[in-house]
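What the coordinates show
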Amino acid sequence: MSRGGALRRLAAHEGRWLAGLVWWVARRRIGVAADERPLPYAAGQAANIYGLTFVCVVETVAVGVLLADRPVPHAVMLVLDVYTVLMMLGFQAAAVTRPHVLGADSLLLRDGARMEIRIPFERIASVGHDLRFTKDDTDGKGAGGVLAMAVGGQTSVTVELAEPVVAVRLLGRREVVHTVRFHADDARGAVAAVRAAAGESAVVRQG
C-alpha cells in the first residue's frame, strides 16, 4: 500500500476511536441492529487499559509540575499527554462500542476500531471454546492462515473455516484466513450462540 493510503487508513482509524468515545458516553453500540446479538470482549482488556491510563494521568500531573515555569514546553507536553490519555480511553471505548456481532447469516468479529472480519455461517466448519495465550501462539500473526484477534493477550474461541475468508489489516494488508481465534467475555456462551444461530452448518467442539 502507498504511504498516502496508509495515512488515510490511520486517519480513519483515529476517527473511529474518537467516535467510540462519544458512543461510549452515550452508552450505545455501533453497528448492532435490534435483531442482532452483541458478543462483548472489552472486559478482557479493561484492567490493563485503565491501569495504563492512570499512569498517564499521573505522568501528566508530574510533568506539569516540573515544567510549570516553562510555558511553551508545558503547553506542548500537556497537549501530548491529554491526547495520550484520550487515545487509551478511545481504545477501550472502541472495544466496548464495537463488540463482535452475531447476525442472521454471519458472524462479524471486530478488533476495536482496528479491523473487522465477517464470516458467513456457511463457511464455518467448527467453533469451540479454546483458551490460548498469544505468547504461546506462534501463528498469532496470521502465519498458516490463522488470524488471532487477542484481547488482554489471550483468545478463547476458535473458528475453523470450511472455506477461507479475507482479512484486511489496519494498514490494508490482506490475508487469506482459514482459522480465526478471538476472545469473548463469555466464551462458552458465545460458542453456544454461534452454534444456535448457524444451525447445522457449525459443529461445536466441546472444550
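Conventions we followed
- Residues numbered from 1 in each chain as written.
- Predicted model: local features only at pLDDT ≥ 70, side-chain atom pairs only at ≥ 80, totals over all residues.
- Heavy atoms only, no water.
- Helix = DSSP H or I, 4+ residues; strand = E, 2+ residues; numbered from the N terminus.
- Phe/Tyr/Trp six-rings, centres within 6.5 Å; stacked < 30°, edge-to-face > 60°.
- Buried < 20%, exposed > 50% of the residue type's maximum accessible area, 1.4 Å probe, protein only.
- Lys NZ or Arg CZ within 6 Å of the ring centre and 35° of its normal.

1. Comments concerning unusual backbone geometry
Positive phi is not limited to glycine here, since Arg-27 has a value of about 60°. Looking at where Arg-27 falls in the secondary structure, it is placed in the loop between α1 (3-25) and β1 (37-39).

2. What to know about the packing of aromatic side chains
Aromatic ring pairs are described here by two measures, namely the spacing of the ring centres and the angle between the planes. Under the defined criterion, the tally for this structure stands at 2 aromatic pairs. For the pair Trp-17 and Phe-91, a centre-to-centre distance of 6.4 Å together with 75° between the ring planes defines the contact as edge-to-face. Here Trp-17 is found in helix α1, whereas its partner Phe-91 is found in helix α3 (residues 71-97), with 74 residues between them in sequence. The exposure class assigned to Trp-17 is buried, which follows from its relative accessible area of 2%. A relative accessible area of 23% means that Phe-91 is categorised as partly exposed. Within the aromatic cluster, the residues linked to one another by ring pairs are Trp-17, Tyr-83 and Phe-91. Here Arg-114 stacks its cationic end above the ring of Phe-91, 5.9 Å away from the centre of that ring.

Just distances and angles here, no functional claims.
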